[in-house]
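# Residue-level structure breakdown
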Amino acid sequence: MDETVAEYIRRTVLKIPRDEIKTMLQKWGFLSETQLQTINFHQIKENISQDVVQLCEENSADIKQAAVLDIIYNHIYPNKRVWSVYQMNKTGEETEFFDLTDFKKKFKRRLRSALKNVTINFREYEDNAIWIRIAWGTPYTKPNQYKTSYVVYHSQTPYVFVSASVLKSNLPLLCQALVVASNYHDIREMELRSHSLNSLKDIVFKRYSQNFQTYCPRPLQERNVAPESADLRIIQENRHEKERIQRVNREVFGDGPQPQLEFAQYKLETMFKSDSKMDVLDKKEPFRCMVKFSSPHLLESLKSLAPAGMADAPLSPLLTCIPQKARNYFKIREKKSLFPGSFMKIIFKDHYRAWGRRDSWNIDVSKKFPSSFSGY
């Protein structure tokens, strides 16, 4: 077995949590049950990896088997990578029978016609998902197995999920191979990215909780007993306001869990407008600014703002439209915004962290700090 293959298998095993190494090796299927029984999975991972490499040497493993183990690891832990969504288009509405063998042949032929030094591996899963692993080389160097691109393609759908390597120059070749192999006409990036591959699938396949406005809220139960001196009119008004916020929140976000996205980015390319009496600017000038909202679970954080009393309800459509528009990158231009006549205005009533420069703001809606912020 080649030394580079042995080292790659060793590093892959070291990435796996120790309690799950045996299960993953069983899914790999390259080592027999008899061989697996010889490994002490209670020792430190470094020793486990050495034992696995020794058994792979006995079986004469090559880079193909090592790549399959890497695919299995990334399938179980897809959140370790950043995924972008691409959509392919056809010239007509006709549907064709999908032939996996033909897809693989066309994909390999297209890539290798442009680049000889490339390693391509496929693995199919039960949900009609085809996982493709590509290790890129150059005309003068072998493929780098540590800087791979991953593609997840669901047959009979126009959507492709790509986790590109650091070698961005190879992305056009990858897109061309996908279009040719799947018999589509062109491909475009959807401006939708996340670590959560399953959440991206939920968004583009419309599998998340939809909004239904037939909900009739029940009166909220007050936890605290109002003091005798409290004005009953104020108590009633507060109860009605809570019911309104709850109703609006359900209409906007639905009842189920939200897809997991880590950020939403907005680039403003609008004209700066001021009151002529204030004499701020003699003429209109372009106003460019980038605002980025971030959180480990952005949509759930946005959903919790109004009920927690930290923002006015309803939130701006530019924030709540993310799942419906299937994008978390936006460009807001003069008279061409997604929602004409509306501003991305959100008033934070509590304490959130915001940092940045004059033309760039980052807002973390998952961490509270003792300073107020009002963003427009």
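The structure under discussion appears in the preceding block.
## A few points about the overall build of the chain
Broken down by element type, the chain carries 12 helices and 13 strands. The contacts in the chain between residues at least 6 apart in sequence include a share of 68% that link residues at least 24 apart. Accessible surface, the chain: about 21800 Å² in total, of which carbon and sulfur atoms supply 50%.

## So, the pattern of salt bridges
Under the criterion given, the structure shown has 11 salt bridges. The salt bridge involving Arg11 is made with Glu7; its shortest N-O contact spans 2.9 Å. Placement of the pair is Arg11 and Glu7 together in helix H1 (residues 3-15), with a separation of four residues, close to one helical turn. The class of Arg11 is partly exposed, set by a relative accessible area of 42%. Accessibility expressed as a relative area gives 25% for Glu7, which makes it partly exposed. Across the salt bridge formed by Asp255 and Arg250, the nearest N and O atoms sit 2.4 Å from each other. Taking relative accessible area as the criterion, Asp255 reaches 55% and is therefore assigned exposed. Salt bridges sharing common partners tie together Glu7, Arg10, Arg11 and Glu46.

## Structural notes on the nonpolar core
Among the nonpolar cores identified, the biggest contains 64 residues, and Ile9, Trp28, Val52, Trp131, Phe161 and Tyr266 are the most heavily contacted of them. Broken down by element, this core gets its largest block of residues, six residues, from helix H5 (residues 63-76).

## Some words on the side chain of Gln43
Structurally, the position occupied by Gln43 is in the loop between helix H3 (33-36) and helix H4 (45-58). Using a relative accessible area of 19% as the deciding quantity, one classes Gln43 as buried. Side-chain polar atoms of Gln43 contact the backbone oxygen of Asn40, separated by 3.0 Å. In this structure, Gln43 is in contact with Arg18, Ile48 and Asp51, ignoring residues within four places of it in sequence.

## Some remarks on the packing of aromatic side chains
In this description, an aromatic ring pair is defined by two values, namely the gap between the centres and the angle between the planes. Under the definition given, this model contains 16 aromatic pairs. Look at Tyr73 and Tyr77: their rings are 5.2 Å apart centre to centre, the planes differ by 45°, and that puts the pair in the tilted class. The class for Tyr73 is buried, based on a relative accessible area of 6%. For Tyr77, a relative accessible area of 17% corresponds to the buried category. Ring geometry for Trp83 versus Trp131: centroids 5.7 Å apart, planes at 80°, classification edge-to-face. With Trp83 in strand S1 (residues 83-89) and Trp131 in strand S3 (residues 129-136), this residue pair connects regions lying 48 residues apart in the sequence. For the pair Trp83 and Trp131, a shared accessibility class is recorded, and that class is buried. A cation sits over an aromatic face here: Arg193 above Tyr329, 4.2 Å from the ring centre. Across the ring face of Phe263, the terminal group of Lys292 is positioned such that the distance to the ring centre comes to 4.8 Å.

## Overview of the packing of helix H2 (residues 21-28) against H5
Interhelical geometry of H2 versus H5 gives an angle of 125° and a closest axis separation of 10 Å. Considered as vectors, H2 and H5 are oriented oblique to each other. Taken as a pair, H2 and H5 cross one another with a handedness that is right-handed. Across the interface between the two elements, Met24, Leu25, Lys27 and Trp28 of H2 pack against Gln65, Ala66, Val68, Leu69, Ile72, Tyr73 and Ile76 of H5. Looking at the contact of H2 with H5, its residues break down into nine nonpolar, one polar and one charged.

## Considerations on the sheet that holds strand S2 (residues 118-124)
Spatially, the six strands line up as an open sheet ordered S2-S3-S4-S5-S1-S6, and their pairing is antiparallel. The strands lining the two open edges of the sheet, one partner per strand, are S2 and strand S6 (186-194). Going from strand to strand, the sheet's axes swing by 20° on average, the running direction of each strand aside. Both S3 and strand S4 (residues 148-154) contribute to a ladder of seven bridges, which runs antiparallel. Pairing of Arg133 across the sheet is with Tyr150, part of S4. Sheet strands in contact with helix H6 (residues 100-114) are S2, S3 and S4, and its direction is about 165° off that of S2.

## Section: the pairing of S1
Where burial is concerned, most of S1 is hidden: six out of the seven residues are buried. Two strands pair when backbone bridges link them, and S1 and S6 are joined in this way by six bridges, in the antiparallel orientation. When the sheet's bridge partners are listed, Tyr86 is paired in S6 with Glu189.

## Looking at H5
Since the α-helix turns once every 3.6 residues, residues separated by three or four places project in the same direction. In this model, H5 (14 residues) spans 20 Å end to end at C-alpha, consistent with the 20 Å of a helix rising 1.5 Å per residue. Every buried residue of H5 is accounted for by Ala66, Ala67, Val68, Leu69, Asp70, Ile71, Ile72, Tyr73 and Asn74.

Basis of the calculations
Residues numbered from 1 in each chain as written. Predicted model: local features only at pLDDT ≥ 70, side-chain atom pairs only at ≥ 80, totals over all residues. Heavy atoms only, no water. Helix = DSSP H or I, 4+ residues; strand = E, 2+ residues; numbered from the N terminus. Contact = heavy atoms within 4.5 Å. Areas by Shrake-Rupley, 256 points an atom, 1.4 Å probe, with all protein chains shown as cover. Salt bridge = Lys/Arg side-chain N within 4 Å of Asp/Glu carboxyl O. Buried < 20%, exposed > 50% of the residue type's maximum accessible area, 1.4 Å probe, protein only. Core = buried A, V, L, I, M, F, W, Y, C linked by side-chain atoms within 4.5 Å. Polar contact = N/O pair within 3.5 Å; in protein donor to acceptor, adjacent residues only side chain to side chain. Phe/Tyr/Trp six-rings, centres within 6.5 Å; stacked < 30°, edge-to-face > 60°. Lys NZ or Arg CZ within 6 Å of the ring centre and 35° of its normal. Axes fitted to C-alpha atoms, helices over the stretch in contact; angles between N-to-C directions. Parallel < 35°, antiparallel > 145°, perpendicular 65-115°, else oblique. Left-handed = near helix turned anticlockwise from the far one by under 90°. Nonpolar A, V, L, I, M, F, W, Y, C, P; charged D, E, K, R; others polar. Pairing = 2+ DSSP bridges. Expected span 1.5 Å × (residues − 1).

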